[in-house]
Amino acid sequence: MERLRLAVKKEGALQFLSHLDFARCVRYIIIRSGLPVLYSEGFNPHMKLSFASALGVGVGADVEYLDMELAEPVPVTDVIERMNAASPDGFSVRDGKYIDAKAPKLMAVANYAVYDIKGPAARPVSQDELDGILQAFNEASDVTYEKVSVKKGHKVRLIAVKNHIVEPVSGIVEKDGICLRAGILETEDGAIKPQQLWDVLMAQFGLPVQADLVLAWRRGIYVRKNGTNYSLFDGV
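Now for a quick tour of the structure.

Criteria and cut-off values
- Residues numbered from 1 in each chain as written.
- Predicted model: local features only at pLDDT ≥ 70, side-chain atom pairs only at ≥ 80, totals over all residues.
- Heavy atoms only, no water.
- Helix = DSSP H or I, 4+ residues; strand = E, 2+ residues; numbered from the N terminus.
- Buried < 20%, exposed > 50% of the residue type's maximum accessible area, 1.4 Å probe, protein only.
- Polar contact = N/O pair within 3.5 Å; in protein donor to acceptor, adjacent residues only side chain to side chain.
- Contact = heavy atoms within 4.5 Å.
- Phe/Tyr/Trp six-rings, centres within 6.5 Å; stacked < 30°, edge-to-face > 60°.
- Lys NZ or Arg CZ within 6 Å of the ring centre and 35° of its normal.

1. Considering unusual backbone geometry
Moving on, step 1. Although it is not a glycine, asparagine 226 sits at a positive phi angle of roughly 50°.
Moving on, step 2. Along the chain, the position of asparagine 226 falls in the loop between strand S10 (215–225) and strand S11 (228–230).
Moving on, step 3. The class of asparagine 226 is exposed, set by a relative accessible area of 84%.

Spelled out as structure tokens, the structure:
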């Protein structure tokens, strides 16, 4: 068994797929490419394929990582060429590397992601005003977000935002709105979503934006150890 890790890009129309639909799309690409992928045993066998994260609807990515198990080694360049030839618009394989079959699963080690979060401004805003809002947030020692779970009878869970935003948030004013750059750390308690950070900045720090008109783009995902980010190819 050979375990191959791939870095792929998700953009265009695929950005608006759910994670389950995106995973189904990737499985079809692998099948069309004719790669000797392994399947689990049992009554309902499934492709041995796993992802670093579950990207939400509307979230695109410069890089997402996936692992798949092959029955025999195939040169990485051939895998990339074959999958890209079988891929729809919006999906491409950018790089790949064979890793130790006993290496931890992607979801167990991928704990830090950097996002661009963008949406229209609710009113004209200057760069100085945006810088002041972000400075207030970055210097705040304690920020709490109330997550309401409708499926659990509107149960409220408090998220300590600063446990997940461990580096300063930056941003720029653009012609069509505001764009923020934020790194989000996943801990044992989970993580805050880009949309939730947007909502916190709007509701608690006066960011002049519209709550529901926001898109996120993930610029990178890493293994973060002791304040340093490592590639998922090399940091396991």
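Alright, that's what it looks like, and here's the rest.
2. Some points on the side chain of serine 33
Moving on, step 1. With respect to the helices, strands and loops of the structure, serine 33 is situated in helix H1 (residues 19–33).
Moving on, step 2. Judged by relative accessible area, serine 33 falls into the buried class, the value being 9%.
Moving on, step 3. Among the polar contacts made by the side chain of serine 33, one reaches the main-chain carbonyl oxygen of isoleucine 30 at a distance of 2.7 Å.
Moving on, step 4. When residues no more than four places from it in sequence are discounted, the contact partners of serine 33 are Arg82, Met83 and Ala86.

3. Comments concerning the packing of aromatic side chains
Moving on, step 1. Tallying each qualifying case throughout the model produces 4 aromatic pairs.
Moving on, step 2. When the ring of phenylalanine 22 is compared with that of phenylalanine 51, the centres are 6.0 Å apart and the planes differ by 55°; the resulting orientation is tilted. Of this pair, phenylalanine 22 sits in helix H1 while phenylalanine 51 sits in strand S2 (residues 49–51), placing them 29 residues apart in sequence. As far as burial versus exposure is concerned, phenylalanine 22 and phenylalanine 51 are alike and both buried.
Moving on, step 3. Summarising the aromatic geometry, the rings of tyrosine 65 and phenylalanine 233 are spaced 5.3 Å apart at their centres and angled 80° between planes, so their arrangement reads as edge-to-face. Here the residue tyrosine 65 occupies a position in strand S3 (residues 59–70), and phenylalanine 233 occupies one in the segment after S11, the gap between them amounting to 168 residues. With respect to class, tyrosine 65 is no different from phenylalanine 233; both count as buried.
Moving on, step 4. For lysine 10, the ring lying beneath its charged end belongs to phenylalanine 22, and the centroid distance is 4.9 Å.

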